[in-house]
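These are the residues of each chain, in order.
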Amino acid sequence: MRVLVTGGAGFLGSHLCDRLLRDGHEVVCLDNLFTGQKCNIAHLLGHPQFEFVRHDIIDPFKFEVDWIFNLACPASPPHYQYNPIKTTKTSVMGAINCLGLAKRVKARVLQASTSEVYGDPNVHPQPESYWGNVNPIGRRSCYDEGKRCAETLFFDYHRENKVDIRVVRIFNTYGPRMHPNDGRVVSNFIVQALQGRDLTIFGDGRQTRSFCYVDDLIEGIVRSMAQTRTVGPINLGNPGEFTMLELAQLTLQLVGGKSKIVHQPLPADDPRQRQPDISLAREILQWEPAVPLAEGLERTITYFRGRI
Ligand SMILES: NC(=O)c1ccc[n+]([C@@H]2O[C@H](COP(=O)([O-])OP(=O)(O)OC[C@H]3O[C@@H](n4cnc5c(N)ncnc54)[C@H](O)[C@@H]3O)[C@@H](O)[C@H]2O)c1
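Right, let's walk through the structure included here.

1. Comments concerning the pattern of salt bridges
- A full pass over the atoms with the stated rule returns 19 salt bridges.
- A salt bridge links Asp23 to Arg19; its shortest N-O distance comes to 2.9 Å.
- Overall, Asp23 belongs to the partly exposed group, its relative accessible area being 39%.
- In this structure Arg19 comes out as buried when scored by relative accessible area, which is 16%.
- A network of salt bridges, in which partner residues are shared, links Arg19, Asp23, Glu219 and Arg223.

Written as structure tokens, this is what we have:
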């Protein structure tokens, strides 16, 4: 098949391109390199089935493809808050452009949505049926509401125009090729520990997150796209729950060195708890994460050692 991956030079997108090429597909990677890095796809540039197109997803585009994976959007708070209006445009206009293309060429199109659509949840863990608790006017809203609007567009194109959609809601994912400065907690802790700096925890460190290793997540995305039982949304993430303190301590233990843990004030709208209910993914995709946190962290640390 011919497959378009928007955001294909980013952290998740580049792993997805690798996987699709391994599966024998032809891959077009569309990216404006805002947070993506050429080094993520450098090893693919000579591949006969791979093509890189530098393009901004808010401008229309045309490709003859069978599948579209829409991953283009900055995903870490400092990056999506850098130009919040552009972030909303990327989510909303990017979704419209992907859906318009899917409609024209009759492609199946998958939206990389996010656990952020649940906001600061009142239900724990979060099933797909939970509608969320999102602040529409805060600093994070450009991302959260942009992604919520993209989901709305996907379901309206599906209902109105019979576009063959898939929507997955991705929970915190980590692994090699995360941007070293992207401000996400796993890469932050690893880079700080490798540089011998203190590890910064926001708040008291008792807020929890779940962390999914990238290989597990990519398997879940590909299975979601390939199945025909549901358009979604499907939660993809690791239900194992860790406090920030536990993550910091484990990182220090694996990296070694003399870094200490320091605390800073909690940013606005930071959720206290986040944990996916993955019953639907288990049932429909026969999928669940297989890589334990310590093993995934080891592999990620090895990657960052080579970069720093
Ligand atoms: N990594 C996670 O934990 C996570 C969690 C939930 C959802 N997601 C979603 O998965 C997708 C990929 O996330 P990631 O972690 O790989 O982030 P990333 O920032 O590494 O990748 C995003 C990619 O999109 C590209 N991009 C951004 N704006 C663009 C635009 N206007 N036009 C074209 N390309 C553009 C960037 O250059 C980058 O290559 C995002 O849509 C994100 O919202 C990721």
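2. Observations concerning the packing of helix α4 (residues 84–105) against helix α5 (residues 141–161)
- It is at 8 Å that the axes of α4 and α5 come closest, and there the two elements cross at 15°. Regarding the angle of α4 to α5, the classification is roughly parallel. Classified by chirality, the crossing of α5 by α4 is right-handed. Residues Pro84, Thr87, Thr88, Ser91, Val92, Ala95, Ile96, Leu99, Gly100 and Lys103 of α4 pack against Cys142, Tyr143, Gly146, Lys147, Cys149, Ala150, Leu153, Phe154, Tyr157 and Asn161 of α5.
- Considering only residue class, the contact of α4 with α5 consists of twelve nonpolar, six polar and two charged.

3. Here's the deal with the packing of aromatic side chains
- For the structure on display, the rule yields eight aromatic pairs.
- Considering the side-chain rings of Phe61 and Phe63, the 6.2 Å spacing of their centres and the 40° angle between planes classify their relative orientation as tilted. Assigned by exposure class, Phe61 and Phe63 land together as buried.
- With a centroid separation of 4.4 Å and 5° between ring planes, the pair formed by Tyr80 and Tyr143 is classed as stacked. Taken together, the residues Tyr80 in helix α3 (residues 77–82) and Tyr143 in helix α5 connect sequence positions 63 residues apart.

4. Quick notes on the sheet that holds strand β3 (residues 50–54)
- Strand order in the open sheet made by the seven strands is β3-β2-β1-β4-β5-β6-β11, with parallel pairing throughout. The sheet is open, and its two borders are formed by β3 and β11 (234–236), each paired with just one other strand. Adjacent strand axes in the sheet meet at a mean angle of 20°, parallel and antiparallel pairs treated alike.
- One ladder, built from six bridges, connects strand β5 (residues 108–114) with strand β6 (residues 165–170); its direction is parallel. From the neighbouring strand, Ser113 faces β6, where its bridge partner is Arg169.
- α4 rests against β1 (2–6), β4 (67–70), β5 and β6 of the sheet, and its axis sits at about 175° to β4.
- Packing of helix α7 (residues 214–226) onto the sheet brings it into contact with β4, β5, β6 and β11, and relative to β5 it is tilted by some 140°.

5. As for the packing of helix α6 (residues 185–194) against helix α10 (residues 293–307)
- Here α6 crosses α10 at 55°, and the two axes come no closer than 10 Å. Comparing the axis directions of α6 and α10 gives the class oblique. The crossing of α6 and α10 is right-handed. Where α6 approaches α10, its residues Val186, Ser187, Ile190, Val191 and Leu194 are matched on the opposing element by Leu297, Thr300, Ile301, Phe304 and Arg305.
- Among the residues forming the contact of α6 with α10, the class breakdown is seven nonpolar, two polar and one charged.

6. Digging into the nonpolar core
- One finds Leu16, Phe69 and Leu236 to be the most contacted residues of the largest nonpolar core, which totals 59 residues.
- Not counting the four nearest positions on each side in its chain, Phe69 is found in contact with Val3, Leu4, Val5, Thr6, Leu16, Leu20, Leu110, Ile221 and Met225.
- In terms of nonpolar packing, the next biggest core, distinct from the first, is built from 26 residues, Leu30, Phe63, Ile68 and Leu99 among them.

7. Some thoughts on helix α8 (residues 244–255)
- For α8, with twelve residues, the first-to-last C-alpha span of 16 Å sits near the 16 Å given by 1.5 Å per residue.
- Along its buried surface, α8 packs onto α6, β8 (199–202), β9 (208–210), β12 (241–243), β13 (261–264) and α10.
- Gly256 sits one or two positions beyond α8 and adopts a positive phi of about 80°.

8. A few points about the site of the ligand
- Surrounding the ligand, one finds 31 residues, the nearest of these being Leu12, Asp31, Thr35, Tyr143 and Thr173.
- In this structure, Leu12 approaches the ligand through a main-chain N or O atom, which is 2.8 Å from an oxygen atom.
- The separation between a nitrogen atom of the ligand and a polar side-chain atom of Arg184 is 2.8 Å.
- When the ligand is considered free in solution it has 820 Å² of accessible area, and contact with the protein chains removes 97% of it.
- For the shell around the ligand, the secondary-structure elements that each account for two or more residues are α1 (11–22), α4, β5 and α5.
- Considering every element that reaches the shell around the ligand, the biggest residue donor is β5, with three residues.
- Partitioning the shell around the ligand into residue classes produces 15 nonpolar, eleven polar and five charged.

About the thresholds
Residues numbered from 1 in each chain as written. Predicted model: local features only at pLDDT ≥ 70, side-chain atom pairs only at ≥ 80, totals over all residues. Heavy atoms only, no water. Salt bridge = Lys/Arg side-chain N within 4 Å of Asp/Glu carboxyl O. Buried < 20%, exposed > 50% of the residue type's maximum accessible area, 1.4 Å probe, protein only. Axes fitted to C-alpha atoms, helices over the stretch in contact; angles between N-to-C directions. Helix = DSSP H or I, 4+ residues; strand = E, 2+ residues; numbered from the N terminus. Parallel < 35°, antiparallel > 145°, perpendicular 65-115°, else oblique. Left-handed = near helix turned anticlockwise from the far one by under 90°. Contact = heavy atoms within 4.5 Å. Nonpolar A, V, L, I, M, F, W, Y, C, P; charged D, E, K, R; others polar. Phe/Tyr/Trp six-rings, centres within 6.5 Å; stacked < 30°, edge-to-face > 60°. Pairing = 2+ DSSP bridges. Core = buried A, V, L, I, M, F, W, Y, C linked by side-chain atoms within 4.5 Å. Expected span 1.5 Å × (residues − 1). Near = heavy atom within 4 Å. Polar contact = N/O pair within 3.5 Å; in protein donor to acceptor, adjacent residues only side chain to side chain. Areas by Shrake-Rupley, 256 points an atom, 1.4 Å probe, with all protein chains shown as cover.

No statement about biological role is implied by the geometric values presented.
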